[in-house]
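Structural characterization, general
Take a look at the letters that make up each chain.
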Amino acid sequence: MTTLPPALTSGYRRFRGTRYREEALRYTELADGQSPRTMIVACADSRVDPATIFGAAPGELFVVRNVANLVPPCSTTPLDLHGTSAALEFAVCQLGVRDIVVMGHGDCGGVAASLAAAENRPVGQFLAPWVDLLSHSRDGILADQSLTDQSARQTALEHEGICLSLENLMSFSFVADAIAAQRLALHGVWFAIGSGILHWFNGETGRFESIEA
Ligand SMILES: [Zn+2]
């Protein structure tokens, strides 16, 4: 173990001198517990930080991030480690979050890996089975003759992946029960990095619509 990279140390000092100083009381109160209203399932991508995009304060968002913002289907295979499912269970059953937002984004490397795997390009020992969660959606997109270029297929799969995660959320009984009891609602959003515009999945039209800034 070596010392922290200088960029992190100086960033921490900036945080202590600005944001922490402004929110010291909030941090003191939060030391006794959290009660976030919203869970976000986001990609690990460095450009898509949920707290930044939603302007959230400490304690407001319970966030789990993984490659391609995927929620796996409910599985109880004991030999697998279900990190995202554990976070989901904690958020819904212990914290009682009222909303879960699956947040995808443009230029997603995880989605690109899924498309690369379809061409038998090497993806990675752990990445390959993880992005294989997208394979059914991906194969449907690759068979769609109207999607003629790679960029269109990539965006389509980013959108489909969000919908898949929303579907998979429903495979967890505690999620389905909370929704039936109107204690929980699900949402999908997609963030366009270059323009900074957030798009919301409209379940009635089945389309992603930009949210007015
Ligand atoms: Zn991503």
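Remember, it's a predicted structure, so these values are computed and weren't measured experimentally.

Before going further, it helps to spend a moment on the domain arrangement of the chain. The assigned domain composition of the chain is domain 1 (1-33) and domain 2 (34-210). A straight line from the C-alpha centre of domain 1 to that of domain 2 covers 28 Å. Facing five residues of domain 1, the contacting portion of domain 2 comprises five residues. Across the side of domain 1 that touches domain 2, the residue classes break down as two nonpolar, one polar and two charged.

Once that is clear, we can look at the pairing of strand 5 (residues 197-202). Two faces belong to every sheet, and in a regular strand the side chains alternate between them. Sheet topology places strand 4 (residues 185-192) next to strand 5; four bridges connect them, and they run antiparallel. Bridging from a neighbouring strand, Trp-190 pairs with His-199 of strand 5. The turn linking strand 4 back onto strand 5 is made up of four residues, and Gly-196 within it adopts a positive phi angle of 70°. Where strand 5 meets strand 6 (residues 207-210), four bridges bridge the pair, whose relative direction is antiparallel. If you follow Trp-200 over to strand 6, its bridge partner there is Glu-209.

An order of 2-1-3-4-5-6 is seen for the six strands of this open sheet, with the pairing classed as mixed. Of all the strands in the sheet, the pair left with one neighbour each is strand 2 (61-66) and strand 6. Neighbour-to-neighbour, the strand axes of the sheet open up by a mean angle of 25°, direction not taken into account. Sheet topology places strand 3 (residues 99-105) next to strand 4; seven bridges connect them, and they run parallel. Within the sheet, the bridge partner assigned to Gly-104 lies in strand 4 and is Trp-190.

Calculation criteria
Residues numbered from 1 in each chain as written. Predicted model: local features only at pLDDT ≥ 70, side-chain atom pairs only at ≥ 80, totals over all residues. Domains from an automatic or database assignment. Contact = placed C-beta atoms within 7 Å. Nonpolar A, V, L, I, M, F, W, Y, C, P; charged D, E, K, R; others polar. Pairing = 2+ DSSP bridges. Helix = DSSP H or I, 4+ residues; strand = E, 2+ residues; numbered from the N terminus. Axes fitted to C-alpha atoms, helices over the stretch in contact; angles between N-to-C directions.

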